Amino acid sequence: MSVPSVDAPRVENVSFALARILQEAGYTPVSTPILQPLEVFLEYAGEDIRKRLYSVADIGGGEHCLRPDLTIPTCRHYLASSNGANGAEARLCYRGDAFRYHSKNSPKPSQFPQVGAEYFGGNNPIEADAEIMALAIDGLRRLGCESFEMEIGDLHLFDALAESIGKISPWGERLRQVFHRSEERFDKLLQLAREDSRPTRRETSSKDDAEPISADMVLGGRSVEEIRARFEERAERRSLPPLPEDIGAMLEKFLCIRAPFPRALKDIRTVAKAIDIAPALERLEQRAECLRKQGIDLKDAVFSAGFGRRLGYYTGFVFEARVGEMQIAAGGRYDHLLQALGSERKIPAVGFAARPDRISALFPEAAGRLEP
Amino acid sequence: MSLYRETMESRLLFGVPAKGRIFEATEAFLREAGVAIVGQAGRGYFGHLDGFPEVAVAFLPASEIALALERGELHLGISGKDLLHENIEAPGESLALIEDLGFSRADLCIGVPKSWIDAEDMDDLDDIARDFYTKHRRLLRVATKYPRLTRQIFGGHGVDMYRIVASLGATEGAPRAGLAEVVVDITSTGATLDSNGLKRLKDVCWSSQAQLAASRSAPWSKAALELAKEPLNKISVHLSRDGNLWLKNLIQNIKT
């Protein structure tokens, strides 16, 4: 789908109107530097973002990049504040341009506006999830986006499934670890887990076959113990009994679930009936209930069991608003990022970002009814 | 480069590597095909093909040939597949590949320390990279002269917890010197990896060889296309390929 043409004053109007909606909802606007430390983004942004970074070297030897999104800068802003230092609850919002490299022939702009909100801390994650999604949908509706599709997912659901499987098969934990990597990698692992590969395992797979290694070899920054420990762990995995057939088949069916939320919920119950994931399912229902109270009905939202697997730093609830193939807003929960960015305590976080440029191109009347 | 542009209306401009083993191999290949290079690198800008005074030969560094073809500053060129793919973002779009030439063969490999007995393939590297980050709080460093290809290969295997460190000189020495943990480099025998205490991951072997390619954006005048016919035909005969098919494909691909 090609990117519709951009009318700068209209985009600015939409961006401003949405920022005001967020502010009225109690989110404090923050502004963050466009120029960010390169190191931070190299380490914490996913490879998809990393290969799109614009890096800038200064004459003093410093390395920076143009912010590829506003979430990480907003996290850093929060962590530098007294609230962030104490892990206290904070609701922040932002609007500004982000920069991502796209190849010459791509119709996507390399500089694009984002408006979004981040909810840090708090002790009721379900309500926080619902608040953020309701804020996003309500914002889009008030701007005048008449129709868009919603897709939702919950990465926590697979974690719960894998944890339950872990009680009957050692493959559970391994499947959980690999779930967030590439789909090819996961499919390969699932296949390996289902086959009885013990008789065909490779020659180096036995613990006793370990080649001698010593500290005077080139070790590549790892200790001899570290290498041996992983070697043994890997050898052990290769001698595991296969995943029970019904569990393997169940996982395959589970990952294919993609349906309107009420039916998806029913399908999950049917597919996973042999496994206890009741608490995780309850969370899904509680969240839906919270959303209902805020005027958001999930009956038309598509729930997809595999949605969000490769979306960078997300850890739980994820959602996206689309028109056709074009995403106009997206968000989710990212509970590990603040710690990775240097926070000493675990701080839960959930947020979303919208694209005023796409909104104004798809809905020419957007923000028209709001005062400038 | 504007000198080239002026030349390109009335002549066919053919880029060949200026030096090194790929230069010697290219020179021998063209001689055997019956279109020997007349003139020498370093002695003036252009040589020409024997019997074709209007087919000008530009001697350029092999990586520069890739860029010049992309920019449309050469009609035809011979370079390594590795350099074409490393230096051009979308070689499939800006170039029309004519043929693999079968010489200057080498493989792009991933080299890890031999001591890593837990590393056999890219899936292992994916696990090790994550483990490394968790234990050492820094990303695994990959030394290479091929950052674009490295990103493509690693990305294709879902490996993302690493950072590339640019390598200017002896890439394979980087792990021993403590400048990187992993290397990605071209090797024809693997001997350099071995002598630096490294081994290759077995599931990555990106094969490179010399390739003959045409620029899609070069000013392909009727005269230039006409000049290309006979030398291409001679090369195709030498490789036992169908020269008419080459020409047909070329005409389809270029912007005249």
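Residue positions within a chain follow its written sequence, with the count starting from 1. Chain letters start at A and ligand numbers start at 1, both assigned in the order the entries are written. Side-chain atom pairs in this predicted model are given and counted only at pLDDT of 80 or more, local residue features only at pLDDT of at least 70, and totals for whole chains, interfaces and linings cover all residues. The side-chain values count all of the structure's non-hydrogen atoms but skip hydrogen atoms and water molecules.

**Q** What is the right way to read the environment of Leu-338 of chain A from this model?
**A** Residues and elements named next belong to chain A. Only DSSP runs of H or I reaching four residues or more are called helices, and only runs of E reaching two or more are called strands; each is numbered from the N terminus. Locating Leu-338 in the fold gives a position in helix α14 (residues 337-340). When the C-alpha positions of Leu-338 and Trp-171 are compared, they lie 30 Å apart, and in sequence the two are 167 residues distant. Excluding anything up to four places from it in sequence, Leu-338 contacts Cys-75, Tyr-78, Leu-79, Phe-120, Ser-343, Ile-347, Pro-348 and Ala-349. A contact between two residues is defined here by any heavy atoms of the two lying within 4.5 Å.

**Q** Would you mind showing me how to read helix α11 (residues 243-253) of chain B here?
**A** Because each turn of an α-helix spans 3.6 residues, side chains separated by three or four positions in sequence point in the same direction. All names here are of chain B. Residues Gly-243, Trp-246, Leu-247 and Leu-250 constitute the buried set of α11. Projected down its long axis, α11 shows its buried positions confined to an angular sector of 95°, all on one face. Facing away from the buried side of α11 by more than 90 degrees, the exposed set consists of Asn-244, Lys-248 and Gln-252. In the core, the buried residues of α11 are packed alongside β6 (95-100), β13 (210-215) and α10 (222-238). Nitrogen and oxygen atoms within 3.5 Å of one another constitute a polar contact, given that in protein one can donate a hydrogen and the other can accept it, and given that sequence-neighbouring residues count only through two side-chain atoms. Its side-chain oxygen at 3.0 Å from the backbone nitrogen of Asn-244, Asp-242 defines the N-terminal cap of α11. Type-normalised accessible area, obtained with a 1.4 Å probe on protein chains alone, sets the label of each residue: buried when under 20%, exposed when over 50%, and partly exposed for intermediate values. Think of it as the arc spanned by the lines of direction from the helix axis to the C-beta atoms.

**Q** I tried to follow the interface of chain B and chain A on my own but got confused; where do I start?
**A** In many analyses, interface size is given as the accessible surface area lost on bringing the parts together. Listed by partner, the interface residues are 37 residues for chain B and 37 residues for chain A. The term buried area denotes the loss of accessible surface (1.4 Å probe radius) that occurs when two parts are joined, taken as the sum for both partners. Carbon and sulfur atoms supply 43% of the area that chain B and chain A bury against each other, a total of about 3200 Å² over both sides. Any Lys or Arg side-chain nitrogen found within 4 Å of a carboxyl oxygen on Asp or Glu counts as a salt bridge. Here chain B is connected to chain A by twelve salt bridges. Two residues, Arg-185 of chain A and Asp-123 of chain B, come together in a salt bridge whose shortest N-O distance is 3.3 Å. For the interface between chain B and chain A, the tally reads 17 residue pairs in polar contact (both at pLDDT 80 or more). Among the elements of the structure, α6 (122-136), β9 (162-166) and α8 (174-177) of chain B are those that each provide at least two residues to the side of chain B that touches chain A. A total of eleven residues in the side of chain B that touches chain A trace back to one element, the largest contributor, which is α6 of chain B. Each residue gets one of three labels, nonpolar for Ala, Val, Leu, Ile, Met, Phe, Trp, Tyr, Cys and Pro, charged for Asp, Glu, Lys and Arg, and polar for the others, Gly among them. A breakdown of the residues in the side of chain B that touches chain A according to their chemical character gives nine nonpolar, six polar and 22 charged.

**Q** I'm lost on unusual backbone geometry in this one. Help?
**A** For residues that are not glycine, phi is negative in most cases, and the peptide bond is trans in most cases. All names here are of chain B. For Ser-104, which is not glycine, the phi torsion reads 50° and is therefore positive. The backbone of Arg-137 sits at a positive phi, close to 55°, despite the residue not being glycine. With respect to the helices and strands, Arg-137 occurs in the loop between α6 and β8 (140-144). Taking the relative accessible area as the measure of exposure, Arg-137 reaches 48% and is therefore partly exposed.

**Q** Got a minute to help me understand the packing of aromatic side chains in this structure?
**A** Aromatic ring pairs are defined here through the distance separating the ring centres and the angle between the ring planes. Working definition: rings of Phe, Tyr and Trp (its six-membered ring) pair if their centres are within 6.5 Å, and the pair is stacked with planes under 30 degrees apart, edge-to-face with planes over 60 apart, and tilted otherwise. Tallied over the entire structure, the rule returns 13 aromatic pairs over all chains. What links up through ring pairs into an aromatic cluster is the set Phe-158, Phe-179, Phe-186 and Phe-254 of chain A. Seen from the ring of Tyr-119 of chain A, Arg-91 of chain A lies directly overhead, with NZ or CZ sitting 4.3 Å from the centre. Positioned over the ring face of Phe-46 of chain B is Arg-11 of chain B, at 5.3 Å from the centre of the ring. As a reminder, the over-ring test applies to NZ of lysine and CZ of arginine, requiring each to be within 6 Å of the ring centre and within 35 degrees of the ring normal.

**Q** Got a minute to help me understand the sheet that holds strand β5 (residues 90-99) of chain A in this structure?
**A** Within a sheet, neighbouring strands are paired by backbone hydrogen bonds and run either parallel or antiparallel to one another. Residues and elements named next belong to chain A. Strands qualify as paired when DSSP identifies two bridges or more between them. Strand order in this open sheet of nine strands is β1-β5-β6-β12-β11-β10-β7-β9-β8, and the pairing throughout is mixed. Where the open sheet ends on each side, the last strands, each with one partner, are β1 (28-29) and β8 (258-260). Summarising the sheet, strand β7 (residues 149-154) and strand β10 (residues 317-323) pair through six bridges and their orientation is antiparallel. Residue pairing in the sheet places Asp-154 in a bridge with Phe-317 of β10. Under this scheme, a helix contributes an axis fitted over its contacting stretch, all axes are lines through C-alpha atoms, and angles between N-to-C directions fall in the 0 to 180 degree range. Relative to strand β12 (residues 349-354), helix α6 (residues 125-143) is tilted by about 10°, and along the sheet it contacts β5, β6 (111-120), β7, β10, β11 (326-333) and β12. Set on the sheet, helix α7 (residues 155-168) makes contact with β7, β9 (302-304) and β10; between it and β7 the angle comes to about 30°.

**Q** Please explain the pattern of salt bridges as it appears in this structure.
**A** Once their charged atoms are close, side chains differing in charge can pair, the charge on each being opposite to the other. Within the structure shown, the criterion is met by 48 salt bridges over all chains. Of the charged contacts, one joins Arg-230 of chain A and Asp-124 of chain B as a salt bridge, the two residues approaching to 3.3 Å between their closest N and O atoms. With Arg-230 of chain A in helix α10 (residues 224-238) and Asp-124 of chain B in helix α6, this residue pair bridges two chains. A salt bridge links Arg-130 of chain B to Asp-126 of chain B, with the shortest nitrogen-to-oxygen separation between them at 3.1 Å. One end of the pair, Arg-130 of chain B, and the other, Asp-126 of chain B, are both in helix α6, four residues apart, so they sit about a helical turn from each other. When its relative accessible area of 21% is taken as the criterion, Arg-130 of chain B is described as partly exposed. Asp-126 of chain B gets classed as buried once you look at its relative accessible area, which sits at 1%.

**Q** I'm lost on the packing of α7 of chain A against helix α8 (residues 171-179) of chain A in this one. Help?
**A** Angle between the axes and distance between the axes: these two values describe a pair of packed helices. Residues and elements named next belong to chain A. Packing of α7 against α8 leaves a shortest axis separation of 7 Å and a crossing angle of 160°. Judged on the interaxial angle alone, α8 and α7 are roughly antiparallel. Classified by chirality, the crossing of α8 by α7 is right-handed. Counted together, Leu-155, Phe-158, Asp-159, Ala-162, Ile-165 and Gly-166 of α7 and Gly-172, Leu-175, Arg-176 and Phe-179 of α8 form the full contact between these two elements. For classification purposes, angles smaller than 35 degrees are called roughly parallel, those larger than 145 roughly antiparallel, those between 65 and 115 roughly perpendicular, and all remaining angles oblique. With the far helix as reference, a near helix turned anticlockwise by less than a right angle produces a left-handed crossing, and one turned clockwise produces a right-handed crossing.

**Q** Sorry if this is basic, but what is going on with the sheet that holds strand β2 (residues 35-37) of chain A here?
**A** All names here are of chain A. Ordered by their spatial adjacency, three strands build an open sheet running β2-β4-β3, and the pairing between neighbours is antiparallel. The open sheet has two free edges, formed respectively by β2 and β3 (54-57), since each of these has just one partner strand. Pairwise comparison of adjacent strand axes, ignoring direction, gives a mean angle of 40° for this sheet. Bridge count between β3 and strand β4 (residues 63-66): four bridges; the pairing is antiparallel. Bridge assignment links Ser-55 to a residue of β4, and that residue is Cys-65.

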